[in-house]
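# Descriptive structure summary
So the chains spell out like this:
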Amino acid sequence: MVDPALAHGHLDLVDWRRQVGDAYRLPTLEGWRGARDRLFAEHPCSPIPAAARTAFRGLRWFPADPAYRVPARLVGSDGAELDIDTGGPDGVVHYRRIGALHFALGGEPCSLGVLAMAGYGGGLFVPFRDATSGRETYGGGRYLIDTVKNTDGGCLEVTTGSDRVIIDFNYAYHPSCHYDAAWACPLAPPENRLGVAVRAGERTYSPED
C-alpha cells in the first residue's frame, strides 16, 4: 500500500514544477523573482526548511543588468558521457555532453558545456561556477538552464533550426542544496567554471538576511 503522505508529496512536487515553469513565463524578470520568493515562502516543496519559512523575507539578487543578457552560439560535441554524483539518495546522474555555448561577457570570451540527461525524457542542463562562487554566491555554483525542471523560459531564447540563442544570467539561481544541506544536487563540472565574475542573478542566501 502506498503511504498517503508520500503520494501527496509527489503531487506537491508536480504542482511545484508547474508553478516554477509558470513563473519563468511571466513577462518580466521582476515578476519571476517575486513569484520565486512567494514559492519559497509558501510552497510545501520549498527548499527553505519548514521551520524557517515564517521568517523568510526573500532571496537576495544582484541588480538586473542587461549586459548579462547575451547572444550565444551552440557548438555541438561528440556526446561523451559524464556522470555527476549528487552525494545524496539520487546517486549518480548520467549526462551526455551535447555541445557548448560560446559567448562573451565584459569583452571576455566564455563557454559553458551543455549537458543532456541520458535517462528517459532527456532534459538540458547548464550549471556553472564563476569568480563570485564561494564569495558572493554559493561555492557549489548556480544553475542557468535545467529544462527537466522547467527552468528555461526567460533565461534561454531559441529559434527553430538555428544554433544561435540568447542566454540571460539575470535568471541564474542556486540549487536547493544551497538553502538546506538535506538536499543533494548535481553541481557544475570543472569545464563549466567561468573565469569572469557573473554579478547577475541570485546572490548568497542566509536565514539572517
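Now for a quick tour of the structure. Here the structure is a predicted model, which means the values were calculated and not measured. (Residues numbered from 1 in each chain as written. Predicted model: local features only at pLDDT ≥ 70, side-chain atom pairs only at ≥ 80, totals over all residues. Heavy atoms only, no water.)

## Let's talk about the overall build of the protein chain
Helix and strand counts for the protein chain come out as 2 helices and 8 strands. For the protein chain, the succession of helices and strands along the chain, N to C, is α-α-β-β-β-β-β-β-β-β. A compact globule built from 209 residues would reach a C-alpha radius of gyration of about 17 Å, and the protein chain, at 17 Å, matches this within 12%. Carbon and sulfur atoms make up 55% of the accessible area of the protein chain, which amounts to about 10,800 Å² in all. One finds the centroid of the 21 positive side-chain charges in the protein chain at a distance of 3 Å from the centroid of its 26 negative side-chain charges. (Helix = DSSP H or I, 4+ residues; strand = E, 2+ residues; numbered from the N terminus. Rg over C-alpha atoms; globule rule 2.2 N^0.38 Å. Areas by Shrake-Rupley, 256 points an atom, 1.4 Å probe, with all protein chains shown as cover. Lys, Arg positive; Asp, Glu negative; His and termini not counted. Charge placed at Lys NZ, Arg CZ, Asp CG, Glu CD.)

## Section: the packing of aromatic side chains
Counted by the stated rule, this structure contains 14 aromatic pairs. Considering the side-chain rings of W16 and F40, the 6.0 Å spacing of their centres and the 40° angle between planes classify their relative orientation as tilted. With W16 in helix α1 (residues 4–24) and F40 in helix α2 (residues 29–42), the pair connects residues that are 24 residues apart, well separated along the chain. Residue W16 shares its accessibility class with F40, and that shared class is buried. Every member of this aromatic cluster is reached through a ring pair, and the members are W16, F40, F56, Y179 and Y205. (Phe/Tyr/Trp six-rings, centres within 6.5 Å; stacked < 30°, edge-to-face > 60°. Buried < 20%, exposed > 50% of the residue type's maximum accessible area, 1.4 Å probe, protein only.)

## Re the side chain of R36
Within the fold, R36 resides in helix α2. For R36, a relative accessible area of 10% translates into the label buried. A polar contact is formed between the side chain of R36 and the side chain of Y179, at a distance of 3.3 Å. Side-chain polar atoms of R36 contact the side chain of E202, separated by 3.3 Å. Leave out the neighbours within four places in its chain, and R36 touches L59, W61, Y173, H174, Y179 and E202. (Polar contact = N/O pair within 3.5 Å; in protein donor to acceptor, adjacent residues only side chain to side chain. Contact = heavy atoms within 4.5 Å.)

## Examining the pairing of strand β6 (residues 142–146)
Counting buried residues in β6 gives 5 out of 5 residues, a clear majority hidden from the surface. When strand β5 (residues 124–128) meets β6, the two strands line up antiparallel, connected through 4 bridges. Pairing of P127 across the sheet is with Y143, part of β6. (Pairing = 2+ DSSP bridges.)

## Considering α2
Helix length check: α2, at 14 residues, gives a terminal C-alpha distance of 20 Å against a target of 20 Å (1.5 Å per residue), a fit within 8%. Those residues of α2 not exposed but buried are L29, W32, R33, A35, R36, L39 and F40. Burial along α2 is one-sided: seen end-on, the buried residues are contained in an arc of 165°. For α2, the exposed residues lying more than 90 degrees away from the buried face are E30 and E42. (Expected span 1.5 Å × (residues − 1). Arc of directions from axis to C-beta.)

## Overview of the environment of G161
Within the element layout of this structure, G161 appears in the loop between β7 (156–158) and β8 (164–168). For G161, a relative accessible area of 85% corresponds to the exposed category. For the pair G161 and G87, spaced 74 residues apart in the sequence, the C-alpha separation amounts to 37 Å.

## Structural notes on the nonpolar core
As a rule of thumb, soluble globular proteins bury nonpolar side chains together. F103, L105, I167, F169 and V198 are the most contacted members of the largest nonpolar core, which totals 50 residues. Every residue in contact with F103, bar those within four places of it in the chain, is listed here: V70, P71, A72, E108, P109, C110, S111, L112, I167, F169 and L194. (Core = buried A, V, L, I, M, F, W, Y, C linked by side-chain atoms within 4.5 Å.)

## Regarding the pattern of salt bridges
Close approach of charged atoms allows side chains of opposite charge to pair. Tallying each qualifying case throughout the model produces 11 salt bridges. For R97, the salt bridge is made with E191, and the minimal N-O distance between the two is 2.7 Å. Residue R97 is found in strand β3 (residues 92–105), and its partner E191 is found in the segment after β8; the two are separated by 94 residues along the sequence. With relative accessibility at 26%, the residue R97 sits in the partly exposed group. Residue E191 is classed as partly exposed on the basis of its relative accessible area of 37%. (Salt bridge = Lys/Arg side-chain N within 4 Å of Asp/Glu carboxyl O.)

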